[in-house]
Amino acid sequence: ITNTGGFLASSISGAGLASPYSFKGGTFPGTGGTCSASLTSGSTCTVVVSYSPLSVATHADTFELNYNDGLGTQQSTRPLTGQAVAPAVLAVSDGPTYDFGIIATSGVAEKIFTITNSGSFTASSLSGSGLASPFSFKGGSYPGTGGSCGATLNPAASCTVVVRFAPATTGVQTDTIEISYSDGATAQTATRGLQGTGAAAAILTISNGPTYDYGTLANGGSSDRVFTVTNSGGVTASGMNGSGLAAPFSFKGAS
């Protein structure tokens, strides 16, 4: 508020505000405001007005400053407008609980989760927490190596976090991703349940050990043997292939 006249303004008061507008703290000049009942020529002071919408709409109001200019009552006004939108709402993909499945102990599985803001306001102060071994953000910290989430997320936008499951013990293990954020009004948390099962690594054994003897065979003859391969571990063996044979031994059909 500035007094551009040549005389002391007196009997200064504020009025005109109705919900969702108010003087901060409830009374003129608002908490932190410096205006009082008078303002000398060429001086300035401040008032603090709060906008606290409770409905999705555009709100208009007028701040009225009443005072005496030395001759009579005067009024200075300032129109106000504000638009209230739905707060930010974050959700984590792959619900209600994401299962990493059965993973060998000392093995690692990774999952990229998508965080989506379905609200109409930018989410701010994003951070990730809640994970304890054997679950973690890849690389050790939010959003995980390769993740795209930062501190804010615009309306209708999405970003990613990368979570690892690295079991050291067998059995079912659970945890929860927690994405904390401000929805524009209050602190919120979006969560996603996690589950994974640690199991003993695959162990393949070949039957007819320790050494299988084909016995005596005529030169130029042939004898076949079916060997049984057994997986006694807790996870599926993958990448299987056979090798090590040289003439006169071979896989039947050569491969």
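Computed from a prediction, not measured in an experiment: that's the story for all the values here.

Just checking my understanding: could you explain the overall build of the protein chain for this structure?
Counting secondary structure elements, the protein chain contains zero helices and 15 strands. Relative to the globule expectation of 18 Å for 255 residues, the C-alpha radius of gyration of the protein chain, 36 Å, shows a markedly less compact shape. Each of the three principal axes of the protein chain carries a C-alpha extent, and together these read 130 × 30 × 30 Å. Within the protein chain, the fraction of its 255 residues that count as buried is 25%. Here the analysis covers contacts within the protein chain between residues at least 6 apart in sequence; of these, 68% occur between residues at least 24 apart.

Any chance you could explain a nonpolar patch on the surface here in plain terms?
A cluster of nonpolar residues, Leu 204, Ile 206, Tyr 212, Tyr 214, Phe 227, Val 229, Met 240, Leu 245, Phe 249 and Phe 251, forms a patch on the protein surface that exposes about 930 Å² of accessible area. Along the polypeptide, Val 229 turns up in strand E15 (residues 229-231).

How should the nonpolar core be read in this particular structure?
As a rule of thumb, soluble globular proteins bury nonpolar side chains together. Judged by nonpolar contacts, the single largest core of 24 residues is most densely connected at Leu 90, Ile 115 and Ile 179. At the level of elements, strand E6 (90-92), strand E7 (97-104), strand E8 (109-117), strand E10 (135-137), strand E11 (158-165), strand E12 (171-182) and strand E13 (187-199) are the ones that each hand at least two residues to this core. At four residues, the largest contribution of residues to this core is made by E11. Counting ten residues, the second largest nonpolar core, distinct from the first, contains Tyr 21, Cys 35, Leu 65 and Leu 80.

Explain the packing of aromatic side chains to me, please; I cannot follow it from the model alone.
When we look at a pair of aromatic rings, we describe it by the centre distance and by the angle of the planes. Evaluation of the coordinates by the stated rule reveals twelve aromatic pairs. Ring centres of Tyr 21 and Tyr 51 lie 4.9 Å apart, and the angle between their planes is 20°; this geometry places the pair in the stacked category. In this pair, Tyr 21 sits in strand E2 (residues 21-23) while Tyr 51 sits in strand E3 (residues 49-51), placing the two residues 30 residues apart along the sequence. Taking relative accessible area as the criterion, Tyr 51 reaches 29% and is therefore assigned partly exposed. Centroid distance Phe 135 to Phe 165: 4.8 Å. Interplanar angle 20°. Geometry classified as stacked. With Phe 135 in strand E10 and Phe 165 in strand E11, the pair connects residues that are 30 residues apart, well separated along the chain.

Thresholds, definitions, all that
Residues numbered from 1 in each chain as written. Predicted model: local features only at pLDDT ≥ 70, side-chain atom pairs only at ≥ 80, totals over all residues. Heavy atoms only, no water. Helix = DSSP H or I, 4+ residues; strand = E, 2+ residues; numbered from the N terminus. Rg over C-alpha atoms; globule rule 2.2 N^0.38 Å. Buried < 20%, exposed > 50% of the residue type's maximum accessible area, 1.4 Å probe, protein only. Contact = heavy atoms within 4.5 Å. Patch = residues over 30% accessible without salt bridge, like charges linked within 9 Å, V, L, I, M, F, W, Y side chains within 5 Å. Areas by Shrake-Rupley, 256 points an atom, 1.4 Å probe, with all protein chains shown as cover. Salt bridge = Lys/Arg side-chain N within 4 Å of Asp/Glu carboxyl O. Core = buried A, V, L, I, M, F, W, Y, C linked by side-chain atoms within 4.5 Å. Phe/Tyr/Trp six-rings, centres within 6.5 Å; stacked < 30°, edge-to-face > 60°.

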